[in-house]
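Okay, here's what each chain looks like letter by letter:
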Amino acid sequence: LRESEDSTERVRILQAITEIGAPAIPNIIGRIIRNEPWYVLRNLVYLLGRVGKETQAADLAPLLLHANQRVQMEALKSLQRIGGKARAEILLSVLPKADDALKMSIVETLSIIKAREAVPLLVEMLQAKPSGSASLKADLEEKICNALGNIGAREALPALMEIASSKGFFSGRSYQEKLKIAAGKAASITRR
């Protein structure tokens, strides 16, 4: 994988290692620990997502904050694929340290896996004062609302209703219309 410049050959190598399955795990993890170049690391993370089990979730955690975004995204996909109870805990531990783009992907993954344990942090993020890029913050808040609706967290209803019914200037904080709509939909779904 490291030496081949032929993409077809690399795909065949990935398939062969995937077919080997669990016996390949120690070698994959050993290579990940060596901190290979990003393009090799991404393939190793992909393989771990294919052959790994829940016990390998912790091996993916540091890669969620890797300097290369492609490694981060592959680690996120592999963590989701591996499954298990540890994924939500790992994602929640990384979420405060992640950049905005990764935060959005993590929130989306928490939504997909319906991580109830994420609700307090997601509500806290939703209620936090905006910082950084306004458009990125609005996109993140919209994803958080969608996640809370998908998770079906009744404890998030007060925060969602506050946003959905916000009238603007006199409410202390104004919200974009798309966020109000997302919060209203999430609150509606959660009430069911």
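How each quantity is defined
All residue numbers refer to positions counted from 1 along the written sequence of the respective chain. Confidence filtering applies because this is a predicted model: local features only for residues at pLDDT of at least 70, side-chain atom pairs given and counted only at 80 or more, and all residues used for totals across whole chains, interfaces and linings. Side-chain metrics rest on all non-hydrogen atoms present in the structure, leaving aside hydrogens and water. Runs of E in the DSSP output that reach at least two residues are strands. Runs of H or I that reach at least four are helices, and both are numbered from the N terminus. Any two residues having at least one pair of non-hydrogen atoms within 4.5 Å are treated as being in contact. Surface exposure here means Shrake-Rupley accessible area, sampled with a 1.4 Å probe, where a residue is shielded only by the protein chains that are shown. Note that His is not counted, nor are the chain ends; the positive residues are Lys and Arg, and the negative ones are Asp and Glu. Each charge is placed at NZ for Lys, CZ for Arg, CG for Asp and CD for Glu. Note on definitions: salt bridges are taken to be side-chain nitrogens of Lys or Arg within 4 Å of carboxyl oxygens of Asp or Glu. Relative accessibility thresholds used throughout: buried, under 20% of the residue-type maximum; exposed, over 50%; partly exposed, between the two (1.4 Å probe, protein chains only). Residues belong to one nonpolar core when they are buried, are Ala, Val, Leu, Ile, Met, Phe, Trp, Tyr or Cys, and are joined through side-chain atoms within 4.5 Å. With axes taken as lines fitted to C-alpha atoms, and helix axes fitted only over the stretch in contact, angles between N-to-C directions fall between 0 and 180 degrees. Angles below 35 degrees are treated as roughly parallel, those above 145 as roughly antiparallel, those between 65 and 115 as roughly perpendicular, and all remaining angles as oblique. A crossing counts as left-handed when the near helix is turned anticlockwise from the far one by less than a right angle, and as right-handed when that turn is clockwise. Only Asp, Glu, Lys and Arg are considered charged, only Ala, Val, Leu, Ile, Met, Phe, Trp, Tyr, Cys and Pro nonpolar, and every remaining residue, Gly among them, polar.

A look at the overall build of the chain
Secondary structure assignment for the chain yields eleven helices and zero strands. Walking the chain from its N terminus toward its C terminus, one meets helices and strands in the order α-α-α-α-α-α-α-α-α-α-α. For the chain, the C-alpha atoms occupy an extent of roughly 60 × 30 × 25 Å along the three principal directions. Within the chain, contacts between residues at least 6 apart in sequence are counted, and of these 64% link residues at least 24 apart. Carbon and sulfur atoms make up 52% of the accessible area of the chain, which totals about 10,400 Å². Within the chain, the 21 negative side-chain charges are centred at a point lying 5 Å from the centre of the 28 positive side-chain charges.

Side note on the pattern of salt bridges
This model, assessed by the stated rule, comprises eight salt bridges. A salt bridge links Glu36 to Arg31, with the shortest nitrogen-to-oxygen separation between them at 2.9 Å. Under the relative-accessibility criterion, Arg31 is labelled partly exposed at 35%. Across the salt bridge formed by Glu142 and Lys178, the nearest N and O atoms sit 3.5 Å from each other. You can see Glu142 sitting in helix α9 (residues 134-151) and its partner Lys178 sitting in helix α11 (residues 177-191), a full 36 residues away along the chain.

Here's the deal with the nonpolar core
Nonpolar side chains tend to gather and get buried jointly when the protein is soluble and globular. By size, the foremost hydrophobic cluster in this structure holds 61 residues, and its most contacted members are Ile106, Leu110, Leu122, Leu148 and Leu160. The dominant element in this core, judged by the number of residues it contributes, is helix α3 (residues 38-51), at seven residues. With sequence-adjacent residues up to four places away left out, Leu110 is seen in contact with Ala88, Leu91, Leu92, Leu95, Ala115, Ala118 and Ile151.

Notes on the packing of helix α2 (residues 25-33) against α3
Between two packed helices, both the angle of their axes relative to each other and the distance between the axes serve to describe the pair. Between α2 and α3, the least distance of the axes is 10 Å, while the angle of their chain directions is 150°. Overall, the two elements α2 and α3 adopt an arrangement that is roughly antiparallel. Note that α2 runs across α3; the crossing there is left-handed. Residue-level inspection shows Ile25, Ile28, Ile29, Arg31 and Ile32 of α2 in contact with α3, the latter providing Leu41, Leu44, Val45, Leu47, Leu48 and Val51. Among the residues forming the contact of α2 with α3, the class breakdown is ten nonpolar, no polar and one charged.

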